[in-house]
Amino acid sequence: MKVLTSHGAEEIDATVERNFDEAGIVFSDRSTSYVNISDHVEMHIMEKSGKDTTAKTLKWAHIAIANAKRTLLGIYHRIKGKYLQNYIDEFRYKLNRRYFGERLFDRPAIAITTPYWHINR
């Protein structure tokens, strides 16, 4: 999850190019901002937003967004744009932490011993 300063095609294209593998598949709605995504990934599947699309194709994207909104508003009550990326990074960490399982206690040790600048963002 990444905070974007605009919804323009240029910024979205740059974000996709930086963060997605060329062999990736992207599912999105039919926003005009997403028209060039197929230039940066192997396949871009666009679905018209609606009840069926929300329930099937983009289900987990909508669940993640709804959970992020609930978490941020429930914990912080007031969010400043200056710190929005930090809030989203914390939410993303907590969301991914569900899959740590038995490695949950090993993760802080790894985070402490790994220099920040070696982590791919």
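Reading the values: rules and limits
- Residues numbered from 1 in each chain as written.
- Predicted model: local features only at pLDDT ≥ 70, side-chain atom pairs only at ≥ 80, totals over all residues.
- Heavy atoms only, no water.
- Helix = DSSP H or I, 4+ residues; strand = E, 2+ residues; numbered from the N terminus.
- Polar contact = N/O pair within 3.5 Å; in protein donor to acceptor, adjacent residues only side chain to side chain.
- Contact = heavy atoms within 4.5 Å.
- pLDDT = per-residue confidence, 0-100.
- Expected span 1.5 Å × (residues − 1).
- Buried < 20%, exposed > 50% of the residue type's maximum accessible area, 1.4 Å probe, protein only.
- Arc of directions from axis to C-beta.

(A) Structural view of the side chain of Gln 85. Relative to the assigned elements, Gln 85 resides in helix α4 (residues 84–97). Of note is the side chain of Gln 85, whose polar atom sits 2.8 Å from the backbone nitrogen of Val 3. In this structure Gln 85 touches Met 1, Lys 2 and Val 3, once residues within four positions along its chain are discounted.

(B) How the structure looks around the confidence of the model for the protein chain. Per-residue confidence for the protein chain averages 82 on the pLDDT scale, and 93% of its residues sit at or above 70. Between the elements of the protein chain, mean pLDDT differs from a low of 73, seen in helix α5 (residues 106–113), to a high of 90, seen in helix α1 (residues 9–19).

(C) Structural context of helix α3 (residues 59–75). Its 17 residues place the ends of α3 24 Å apart at the C-alpha level, agreeing with the 24 Å of an ideal helix rising 1.5 Å per residue. For α3, the complete set of buried residues consists of Ala 64, Ala 68 and Leu 72. For α3, the angular spread of the buried residues around the axis is 55°, confining them to a single face. Exposed and oriented more than 90 degrees from the buried face of α3 are Lys 69 and Arg 70. Looking at the packing, one finds that the buried side of α3 touches α4. Looking one or two residues beyond α3, the residue adopting positive phi is His 77, at roughly 65°.

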